[in-house]
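In case you want the letters, here they are:
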Amino acid sequence: MKSHKVNVYEEASRCLLCQDAPCTKACQTGDPARAIRAIRFDNHKLALRWTRACTDADLERAEQACIHYNWPIRISEMLRAIHDDDVLPGNSLDWQKDAPSLAIDFCGIRCENPFFLASSAVCTSYEMVARAFDAGWGGVFYKTITMQEIREVSPRFDAMHDNGTHGDFYGFRNMEQLSELPVDEDFDILRRLKQHYPTKIVVASIMGQTDEEWMLLARKAEAAGCDAVELNFSCPQMKYEGMGSDVGQSAELVRRYTACVKRSIGIPVIAKMTPNITHITEPASACVEAGADGLSAINTIKSVTMDAGSEVSGHLTVSGYSGRAVRPIAMRYVLEMAQMLHIGSASAGRVALSGIGGIETWRDALEFVQLGCSNVQVCTAVMQYGYRIVEDMILGMQRYMVKRGVTDLRQLVGERVQKFLSPDSLDRDTIIFPRFDRELCVGCGRCVLSCSDGGHQALQFDAATRTPRLVGSRCVGCHLCRLVCPAGAIGLTRRVPKKACADSSQSADVLH
């Protein structure tokens, strides 16, 4: 029987990410809980820095202390499967002294890093934002302030997760609206935050119903010392007419409100766009024409879930969807705005982008940066895992920059925008065949099932040896097989011309 190393990411995903973790308390020489958290948030090469001095006995005690409701996390086996970091020799605890700075300009404001809290339930009080700043977040888009009375419903959240799982959801639905605090109390909070954390960036998110309300709120934000204002044109569940995403769908209204705010204050103005629209560039370009210094996107996507636990007095409603499930949709809208602004080209203008939507790890944030964002905002991941996730965002981004030889984060902004072409411009004359790794293949046959019923019947299955065989003459290079393989045993071959394949009648078993 084949012996396989533990999949460190798969095992880390089982961890409960405990508060005051019992495994670390039981370990005398390290912090296995922090190491597992690094793995969970895409930093497995850095995990050993927290367990470098741990003996097998230390890790065994940690594993015995695990309180997982099912069976303990295989802490020792997981950490022993990780090789020393191949980029930062020694994984020393002080490697960050020589790591590149993550400082970046956003709308002319110097930020210590691009990681901000999104305007939401994660930033509704002084104490919350202060703890986030202490944890390392570069700034905050404070929960939207409005003149209208806000009365929330209960319950107001719902989540999408796999059957039988708890706590780790891939999609999140919320019916939450704006800040429930009095306007002056909110601005006093922002004033105190800026006084006590002068190097952090404080952005007031505001929403008015008339020109006068928009201008009044903007002036109060400037008077409170805020670095910028964000105009919330996108909340999908406002009960008041003419507010939220109703405004964001109208190019005329966003142009009007952006212009009146821009005239009334001297600090940068950022327009927050709604995804609940066919062409996001129409209202976005109207905001730019009206003088917006930045665009942020996306807010939550209008959605429906039907779990009985989310009913409000027996009724349901349409409300906002977020979480990692929406990230590809968010990136599509960001890309469209980046292309509109020519970000990534020599003709790029002055308007900055702030990316929002399903960001959990440094790699998620990096993708938004590469699509043109000089700032990213996080909400749902904080609601799941806490402010602490910013530590791994910072570590992972710095390590990536070291690996690439990048010394300034601005070098990454928009670098992949030019890679995107329209479908009619893509190469249709070459093919990449899948490559099957005998050592990793466990013989489950999932690839064969998927290719047979959802692909092009290009795989055969040897029941005696439990191995798949590729029939090259039928394979179209769709790579469904690679995507469904649970063992990661299917990779890529080199790209070759389709005509050459036909001429050579390639029909081989691509197993290595």
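Residues numbered from 1 in each chain as written. Predicted model: local features only at pLDDT ≥ 70, side-chain atom pairs only at ≥ 80, totals over all residues. Heavy atoms only, no water.

Engineer: Would you take a moment to explain unusual backbone geometry for this structure?
Structural biologist: Trans peptide bonds make up most of the peptide bonds, and negative phi angles are found at most residues other than glycine. Following S154, the chain continues to P155 via a peptide bond in cis, the omega torsion being -10 degrees. If you check the backbone angles, D42 has positive phi at about 70 degrees while not being a glycine. Note that D42 resides in the loop between α3 (32-40) and α4 (56-65). We note that Q457 has phi near 50 degrees; this positive angle belongs to a residue other than glycine. Among the structural elements, Q457 can be located in the loop between α16 (446-454) and β16 (459-462). Accessibility expressed as a relative area gives 40% for Q457, which makes it partly exposed. (Helix = DSSP H or I, 4+ residues; strand = E, 2+ residues; numbered from the N terminus. Buried < 20%, exposed > 50% of the residue type's maximum accessible area, 1.4 Å probe, protein only.)

Engineer: Please explain the sheet that holds strand β5 (residues 157-160) as it appears in this structure.
Structural biologist: Within a sheet, adjacent strands bond to each other through the backbone by hydrogen bonds, running parallel or antiparallel. Reading across from one edge, β5-β6-β12-β11 is the order of the 4 strands in this open sheet, with antiparallel pairing throughout. This sheet does not close on itself; its edge strands, each paired only once, are β5 and β11 (301-303). When strand polarity is set aside, the average angle formed by the axes of neighbouring strands in this sheet is 35 degrees. (Pairing = 2+ DSSP bridges. Axes fitted to C-alpha atoms, helices over the stretch in contact; angles between N-to-C directions.)

Engineer: In this structure, what is going on with the layout of surface pockets? I would like to understand it.
Structural biologist: If a probe as big as a water molecule is rolled over the atoms, it shows which places are left empty. By volume, the largest pocket amounts to about 580 Å³. In terms of lining, the largest pocket is formed by 22 residues, of which the most central are S13, R14, Y69, H166 and D168. Taken together, the residues that form the lining of the largest pocket break down as 8 nonpolar, 7 polar and 7 charged. (1 Å grid on protein atoms, 1.4 Å probe; cavity = no way out; pocket = protein on both sides within 12 Å on 5 of 7 lines; lining within 4 Å. Points joined across faces, edges and corners; volume = space filled by probe spheres on them. Nonpolar A, V, L, I, M, F, W, Y, C, P; charged D, E, K, R; others polar.)

Engineer: Help me understand the nonpolar core in this model?
Structural biologist: Nonpolar side chains in soluble globular proteins tend to be buried together. Ranked by size, the top nonpolar core spans 126 residues in total, and within it F115, W137, F187 and L295 carry the most contacts. No other element matches the 8 residues that helix α15 (residues 389-404) contributes to this core. With 16 residues, the next largest nonpolar core counts C447, C451, A458 and V496 among its residues. (Core = buried A, V, L, I, M, F, W, Y, C linked by side-chain atoms within 4.5 Å.)

Engineer: In this structure, what is going on with the packing of helix α8 (residues 211-223) against helix α10 (residues 251-264)? I would like to understand it.
Structural biologist: Geometrically, a packed helix pair is captured by the angle between its two axes and the distance between the axes. At a minimum axis distance of 9 Å, the contact between α8 and α10 shows a crossing angle of 40 degrees. Compared by their axis directions, α8 and α10 come out oblique. For α8 against α10, the interelement crossing comes out right-handed. Packed against α8, whose contacting residues are D211, W214, M215, A218, R219 and E222, the element α10 presents R256, Y257, C260, V261 and S264 at the interface. Looking at the contact of α8 with α10 residue by residue, the classes come out as 6 nonpolar, 1 polar and 4 charged. (Parallel < 35°, antiparallel > 145°, perpendicular 65-115°, else oblique. Left-handed = near helix turned anticlockwise from the far one by under 90°. Contact = heavy atoms within 4.5 Å.)

Engineer: Which parts of the structure should I look at to understand a nonpolar patch on the surface?
Structural biologist: Side chains of V304, M306, L316 and V318 sit close together on the surface and give an oily, nonpolar patch of about 400 Å² of accessible area. Position of V304 among the secondary structure elements: in the loop between β11 and β12 (319-322). (Patch = residues over 30% accessible without salt bridge, like charges linked within 9 Å, V, L, I, M, F, W, Y side chains within 5 Å. Areas by Shrake-Rupley, 256 points an atom, 1.4 Å probe, with all protein chains shown as cover. Salt bridge = Lys/Arg side-chain N within 4 Å of Asp/Glu carboxyl O.)

Engineer: Sorry if this is basic, but what is going on with the environment of E311 here?
Structural biologist: Note that E311 resides in the loop between β11 and β12. Of the residues examined, E311 reaches a relative accessible area of 31% and is grouped as partly exposed. Between the alpha carbons of E311 and R156 there is a distance of 8.6 Å; along the sequence they are 155 residues apart. Once residues lying within four places of it in the same chain are set aside, the contact partners of E311 are P155 and L316.

Engineer: Is there a simple way to think about the pairing of strand β17 (residues 467-470) in this case?
Structural biologist: Working note: regular strand, side chains alternate between the two faces of the sheet. Burial of the side chains of β17 is restricted to one face: P468 and L470 are buried, whereas none of T467 and R469 on the reverse face is. Relative to β17, β16 is paired through 4 bridges, and the arrangement is antiparallel. For Q460, the partnering residue across the bridge sits in β17 and is R469.

Engineer: Got a minute to help me understand the pattern of salt bridges in this structure?
Structural biologist: If charged atoms from side chains of opposite charge come close, those side chains can pair. Counted according to the given criterion, the structure contains 28 salt bridges. As a salt-bridge pair, D56 and R80 come within 3.0 Å of each other at their nearest N and O atoms. Highlighted residues: D56 in helix α4 and R80 in helix α5 (residues 75-80), separated in sequence by 24 residues. Among the salt bridges present, the one from D105 reaches R110, with a minimum N-O distance of 3.2 Å. D105 gets classed as partly exposed once you look at its relative accessible area, which sits at 36%. Take R110: its relative accessible area is 48%, and that puts it in the partly exposed class. Each of E11, R14, R74 and E77 takes part in one network of salt bridges that share partners.

Engineer: Looking at this structure, how should I read the sheet that holds strand β13 (residues 352-356)?
Structural biologist: If you walk around this closed barrel you meet the 8 strands as β3-β4-β7-β8-β9-β10-β13-β14, and the pairing is parallel. Strand-to-strand twist of the sheet, defined as the mean angle between neighbouring strand axes without regard to direction, takes the value 25 degrees. Bridge analysis of strand β9 (residues 269-272) against strand β10 (residues 294-297) gives 3 bridges, and the strand direction is parallel. Within the sheet, the bridge partner assigned to K272 lies in β10 and is S296. In the packing of α8 onto the sheet, contacts are made with β4 (139-146), β7 (201-207) and β8 (228-232), and the angle to β7 comes to roughly 165 degrees.

Engineer: Looking at this structure, I do not really get the packing of aromatic side chains. What am I missing?
Structural biologist: Any two aromatic rings considered together are summarised by their centre-to-centre distance and by the angle between their planes. Enumeration over the complete set of coordinates arrives at 8 aromatic pairs. Here the aromatic rings of F116 and F141 are separated by 5.7 Å at their centres, their planes lie at 55 degrees, and the arrangement is tilted. Taken together, the residues span a long stretch of sequence, with F116 in strand β3 (residues 115-117) and F141 in strand β4 at a distance of 25 residues. Considered together, F116 and F141 belong to a single accessibility category, that of buried residues. The ring of W50 has R49 lying over it, and the distance from NZ or CZ to the ring centre is 4.8 Å. Above the ring of Y333, the side-chain terminus of R332 is found at 4.4 Å from the ring centroid. (Phe/Tyr/Trp six-rings, centres within 6.5 Å; stacked < 30°, edge-to-face > 60°. Lys NZ or Arg CZ within 6 Å of the ring centre and 35° of its normal.)

Engineer: How should empty space enclosed by the protein be read in this particular structure?
Structural biologist: Tallied over the full model, the rule gives 4 cavities of 30 Å³ or more. Looking at the largest cavity, its volume works out to about 450 Å³. Going through the elements one at a time, β4, β6 (171-174), β12, β14 (373-378) and α14 (380-385) are the ones with two or more residues in the lining of the largest cavity. Of all the elements, α14 adds the most residues to the lining of the largest cavity, at 3 residues.

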